[in-house]
Amino acid sequence: MRNSNILIVDHDTDTQAQLRGVLSQEGYTIDTAPDGRAALGLVTRQIPDLVMSDLNMPELDGLSLLGELRSLGHDMPIILMTACGSLKTAVDGIRAGAFDYISKPFSLDDVRLVVRRALQHTQLSREPRQPENPLHHSIRAENLVGSSPAVVSVYKSIARVAQTESTVLLEGESGTGKELIARAIHANSARSTAPFVTIDGGALTETLLESELFGHERGAFTGAVGAKKGLLEKAHLGTCFLDEVADLSPALQGKLLRVIQEREFRRVGSTATMTVDVRIIAASKKNLSSLVQAGRFREDLYYRLNVVTIQIPPLRERMEDIPVLTQYFINKYGGVKSTPVTTISPEAIDALTRYAWPGNVRELEHAVEQAVALAPHSLIYPEDLPHAVQTRPKPSSAQSRGWVTLAELERAHILQVLKHHQQDLGRSAEILGIHRKTLLRKLRQFGFADGPRTMYVHPDILSTLVPMDTTSMT
Ligand SMILES: Nc1ncnc2c1ncn2[C@@H]1O[C@H](COP(=O)(O)OP(=O)(O)OP(=O)(O)O)[C@@H](O)[C@H]1O
Ligand SMILES: [Mg+2]
């Protein structure tokens, strides 16, 4: 769909230029506006085929622009962009009818792809949008942190599946956040006011699990002194989270299949069939399809569970989330001490981003909790971190034989400039020759600024800075 007209709305001129470059090469006609207000002005003159809009803008942000365009009756696809992705923005955006949601920095291939898909979508189907459900406007997602592209794509999946009744399979290593994500799906779904019930396939023996799951009648087995409701019954109208499904015995796999197919089961010791209305979210640390191939998991059950699969990437594949996760855990654990721990030194962040995190976010959370408990200052230094994390060799210096990498140099230089100018962001950006927003984004990547208005580098960090000598290396 060459010749399509695309309106790019972003306050950051670098992003505008970058998008204009790649998209005009593809043969599209491009218009740009610095914010939502200006974009609405342009739309009265020419209606674009596609709008790409940043979320955070001074005059009329991306979501408000989306709302305004829809209320004016415009139904072109809208792609939202954000430098600081969160589950809330993904859910809000998709619920408000955005076509897609991408996070900066994006690859040019991603941009080409998403634009092509959006324009094709308009051509193929002008489906009526689902009416919004007014009951579910409050998004409960504060506890999911991270804004790497990998995590933003998980947020998008959560936002989409939350609006459906589909069975969901969450696959990810230990500690990647599967349970947190299952809860987020439930909390953002139409079932949010009904129970969320967890069934742990790995925790119980077969008989116990069966009676836990389906309940039992009085006298069903020794010790069954009264009748008991099973977890499935307790989850009625809500969500049933089947944790560690790979650990279910073959017999239970069969029974579960029946529940999923028929929404029917029998209490242990009963002949009466009961029906339940539950949404099923299953989780597994192991790759279920390879277990199916190995003959250790029922194929038919796998296909029932695998309606929508969300792969949760291990932490080592999204190291850029470490600074923000670390700060989140410092806030969570740091306040209770008599000298509150408020932040972390760049050297300690360095150590954290060099470690491989086999235990993923849970291991990071424990490491930060421990460091907070041990740190004698308001700042976490590398020596406060668990031993395994501290002693990781630094790959970059091995590769560069002691030379400072460009990234290290950039960070040190930015901090020097900020220090010298008393953290005046505008002035520092000017001296560095970059846009204020670019500076803010870089600081965020270093783990310093946690929101647009709270731009601080902790003074303790600045006071430990020494000028970097890049030439005395071997
Ligand atoms: N994106 C995230 N933001 C904040 N906290 C997170 C995130 N992901 C995981 N956590 C935290 O890490 C810990 C582990 O998460 P969770 O229990 O959901 O992992 P899991 O995948 O179910 O692990 P396991 O397979 O070992 O059961 C929890 O304390 C959770 O709050
Ligand atoms: Mg879990």
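Summary of the structure given here.

The rules behind the values
Residues numbered from 1 in each chain as written. Chains lettered and ligands numbered in written order. Predicted model: local features only at pLDDT ≥ 70, side-chain atom pairs only at ≥ 80, totals over all residues. Heavy atoms only, no water. Buried < 20%, exposed > 50% of the residue type's maximum accessible area, 1.4 Å probe, protein only. Helix = DSSP H or I, 4+ residues; strand = E, 2+ residues; numbered from the N terminus. Arc of directions from axis to C-beta. Contact = heavy atoms within 4.5 Å. Polar contact = N/O pair within 3.5 Å; in protein donor to acceptor, adjacent residues only side chain to side chain. Near = heavy atom within 4 Å. Nonpolar A, V, L, I, M, F, W, Y, C, P; charged D, E, K, R; others polar. Domains from an automatic or database assignment. Pairing = 2+ DSSP bridges. Right-handed = clockwise from strand over helix to strand, strands pointing away. Axes fitted to C-alpha atoms, helices over the stretch in contact; angles between N-to-C directions. Core = buried A, V, L, I, M, F, W, Y, C linked by side-chain atoms within 4.5 Å. Parallel < 35°, antiparallel > 145°, perpendicular 65-115°, else oblique. Left-handed = near helix turned anticlockwise from the far one by under 90°.

Glancing now at helix α3 (residues 62-71). Taken together, the buried positions of α3 are occupied by Gly62, Leu65, Leu66, Leu69 and Arg70. The buried residues of α3 occupy one face: seen down the axis, they fall within an arc of 130°. Where the residues of α3 are buried, they touch β1 (5-9), α2 (36-45), β3 (50-54), β4 (78-82) and α4 (87-95). Between the side-chain oxygen at the start of α3 and the backbone nitrogen of Leu63 there is a gap of 3.1 Å, and the oxygen is on Asp61. Two residues or fewer past α3, Gly73 is found with a positive phi of approximately 90°.

Neighbouring residues of ligand 1: 18 residues in total, closest Ser174, Gly175, Lys178, Arg362 and Glu365. Here an oxygen atom of ligand 1 sits 3.1 Å away from a polar atom, N or O, in the main chain of Glu179. Mapped onto the shell around ligand 1, the elements with two or more residues apiece are α7 (178-187), α13 (322-334) and α15 (360-374). Here the residues of the shell around ligand 1 sort into seven nonpolar, five polar and six charged. Lining the shell around ligand 1 are residues from two domains, each supplying at least three of them: domain 2 (164-311) and domain 3 (317-392).

Neither face of strand β5 (residues 100-103) is left uncovered, since the one carrying Asp100 and Ile102 and the one carrying Tyr101 and Ser103 both have all their residues buried. Strand direction decides the pairing type here: β4 and β5, joined by four bridges, are parallel. Counterpart to Thr82 in the pairing with β5 is Ser103. Read from β4 through α4 to β5, the crossover connection turns out right-handed.

Across the sheet, five strands lie side by side as β2-β1-β3-β4-β5; this open sheet has parallel pairing. Edge positions in the sheet fall to β2 (29-33) and β5, since each of these pairs with one other strand and no more. Sheet twist, expressed as the average angle between the axes of neighbouring strands with direction ignored, equals 20°. With respect to the sheet, α2 is in contact with β1 and β2, its orientation differing from that of β1 by roughly 160°.

So, about the sheet that holds strand β10 (residues 239-243). Across the sheet, five strands lie side by side as β7-β10-β13-β6-β14; this open sheet has parallel pairing. Each edge of the open sheet carries a strand with a single partner, namely β7 (196-200) and β14 (308-311). For this sheet the average axis-to-axis angle between neighbouring strands, irrespective of direction, equals 20°. Of the pairings in the sheet, the one linking β10 to strand β13 (residues 279-284) comprises four bridges and is parallel in character.

To continue, consider the nonpolar core. Generally speaking, a soluble globular protein has its nonpolar side chains buried in company with each other. Ranked by size, the top nonpolar core spans 42 residues in total, and within it Leu170 and Ile185 carry the most contacts. Each of domain 1 (5-135) and domain 2 (164-311) gives at least three residues to this core. The next biggest cluster of nonpolar side chains, apart from the first, holds 31 residues, and it includes Leu213, Phe214, Leu242 and Val259.

Once that is clear, we can look at the packing of helix α8 (residues 206-214) against helix α10 (residues 250-262). Two numbers describe a pair of packed helices, the interaxial angle and the distance between the axes. Orientation of α8 relative to α10, taken along the N-to-C sense of each, is 10°, at an axis distance of 11 Å. As judged from the angle between their axes, α8 and α10 are roughly parallel. Remark: the crossing between α8 and α10 carries right-handed chirality. For the pair α8 and α10, contact is made by Glu206, Leu209, Glu210, Leu213 and Phe214 and by Ala251, Leu252, Lys255 and Val259, respectively. For the contact of α8 with α10, the class distribution of residues is six nonpolar, no polar and three charged.

As for its placement among the helices and strands, Asp12 is situated in the loop between β1 and α1 (13-25). Looking at Asp12, the relative accessible area reads 3%, which means it is buried. Within the structure, Asp12 has its side chain in polar contact with the backbone nitrogen of Asp14 (distance 3.2 Å). Those residues in contact with Asp12, other than ones at most four positions away along the chain, are His435, Lys437, Thr438 and Arg441.

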